[in-house]
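# Examining the three-dimensional arrangement
The primary structure of each chain is shown beneath.
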Amino acid sequence: MDTLRIIVTALYVVICIALTIVVIMQEGKSAGLGAISGMAETYWGKNKGRSVEGKLEFATKILAALFIVISLVLNMNW
């Protein structure tokens, strides 16, 4: 069981580092203030999921979910 715990802990550290890097690479929310003036229906607004920013947001969601799941697994009493 100790070997499994070490592997899960190493995976947890890698996910923590990856999550930090992905969050730092994202644009700030102030860059999207064009939505206030009605520019949300532009080409950029409709195709945001295909852009690099959309992929970073998706990666953030996946890494955050993995972070939570592995945190719960590491807190179980083995």
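Before reading on, note that the structure itself is shown above.
A short tour of the structure in this document, coming up.

Cut-offs and rules
Residues numbered from 1 in each chain as written. Predicted model: local features only at pLDDT ≥ 70, side-chain atom pairs only at ≥ 80, totals over all residues. Heavy atoms only, no water. Helix = DSSP H or I, 4+ residues; strand = E, 2+ residues; numbered from the N terminus. Expected span 1.5 Å × (residues − 1). Buried < 20%, exposed > 50% of the residue type's maximum accessible area, 1.4 Å probe, protein only. Contact = heavy atoms within 4.5 Å. Polar contact = N/O pair within 3.5 Å; in protein donor to acceptor, adjacent residues only side chain to side chain.

### Digging into helix α1 (residues 2-25)
Relative to the 34 Å expected for 24 residues at 1.5 Å per residue, α1 spans 35 Å between its end C-alpha atoms, a close match to the ideal helical length. Within α1, burial applies to V8, I15, L19 and V22. On its buried face, α1 sits against α3 (52-74).

### Some points on the environment of Q26
Relative to the helices and strands, Q26 resides in the loop between α1 and α2 (43-46). Residue classification places Q26 among the partly exposed residues on the basis of a relative accessible area of 23%. When sequence neighbours within four positions are dropped, the list of residues in contact with Q26 reads E53, L56, E57 and T60. Within the structure, Q26 has its side chain in polar contact with the backbone oxygen of L56 (distance 3.3 Å).

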